[in-house]
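Below are the chains, spelled out letter by letter.
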Amino acid sequence: MLTIASDIDALARFGRALADPIRCRILLALREAPAHPADLADQLKISRTRLSNHLACLRDCGIVVAVPEGRRVRYELADARLGHALDDLLGAVLAVEADRTCLDAEEKGCC
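About the thresholds
Sequence order as written defines the numbering, with residues in each chain counted from 1. Selection of residues for local features in this predicted model requires a pLDDT of at least 70, selection of side-chain atom pairs for listing and counting requires 80 or more, and totals for whole chains, interfaces and linings are taken over all residues. Hydrogens and water molecules were not included; the side-chain quantities draw on all heavy atoms of the structure. The helix and strand labels rest on DSSP assignments: H or I over at least four residues marks a helix, E over at least two residues marks a strand, and numbering proceeds from the N terminus. Accessibility here uses a 1.4 Å probe with only protein chains present; expressed as a share of the type maximum, an area under 20% marks a residue as buried, one over 50% as exposed, and anything in between as partly exposed. We call a set of buried Ala, Val, Leu, Ile, Met, Phe, Trp, Tyr and Cys residues a nonpolar core when their side-chain atoms join them within 4.5 Å. To obtain an axis, a line is fitted to C-alpha atoms, over the contacting stretch when the element is a helix, and the angle between two such axes runs from 0 to 180 degrees between their N-to-C directions. Roughly parallel means an angle under 35 degrees; roughly antiparallel, over 145; roughly perpendicular, 65 to 115; everything else is oblique. In this description, contact between two residues means that some pair of their heavy atoms is separated by no more than 4.5 Å. Under this grouping Gly is polar, as are all residues other than the nonpolar Ala, Val, Leu, Ile, Met, Phe, Trp, Tyr, Cys and Pro and the charged Asp, Glu, Lys and Arg.

Can you help me understand the environment of arginine 50 in this one?
Mapping arginine 50 onto the fold places it in helix α4 (residues 48-60). Considered as a pair, arginine 50 and isoleucine 22 are 28 residues apart in the sequence and their alpha carbons are 9.2 Å apart.

Written out as structure tokens, the structure is:
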């Protein structure tokens, strides 16, 4: 059981990072390989401004880091274990989604 405030804060930051679909898409893209913002914006089909705001959030959460490359910046996951965690979390979520027992989830707004 988590009782240390810093552990709980770290999980909450990770949850905030995953709370937005665009940030999820960014994290899944960076799980595959580091990328430059322009390439990420093109890949995800979002504006560079919008991408920049989401990357700032992910940086502030400590989930991604900006690595200077000359005049450019490359983004990558802050730790390789985050990629493994995303894989595990995605697998678990998809398993639960496939085995959903609440047949009225759409109507009730739950699950």
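Still more to cover.
Teacher, can you tell me more about unusual backbone geometry here?
With the exception of glycine, the majority of residues adopt a negative phi angle, and the majority of peptide bonds are in the trans configuration. Despite not being glycine, lysine 45 shows a phi value in the positive range, around 55 degrees. Residue position: lysine 45 is located in the loop between α3 (37-44) and α4. Since its relative accessible area comes to 72%, lysine 45 is described here as exposed.

What is the right way to read the nonpolar core from this model?
Judged by nonpolar contacts, the single largest core of 22 residues is most densely connected at Ile26, Leu27, Leu30, Leu40, Leu51, Ile63 and Val64. Secondary-structure elements contributing two or more residues to this core are α1 (5-18), α2 (21-32), α3, α4, β2 (72-77) and α5 (80-98). Counting residues per element, this core draws most heavily on α2, at five residues.

Looking at this structure, how should I read the packing of α2 against α4?
For any two helices packed against each other, the geometry comes down to the angle between their axes and how far apart the axes lie. In contact at an axis separation of 10 Å, α2 and α4 are set at 75 degrees when each is read in the N-to-C sense. Compared by their axis directions, α2 and α4 come out roughly perpendicular. Residues Ile22, Arg23, Ile26 and Leu27 of α2 pack against Arg50, Leu51, His54, Leu55, Cys57 and Leu58 of α4. Taken together, the residues of the contact of α2 with α4 sort by class into seven nonpolar, one polar and two charged.

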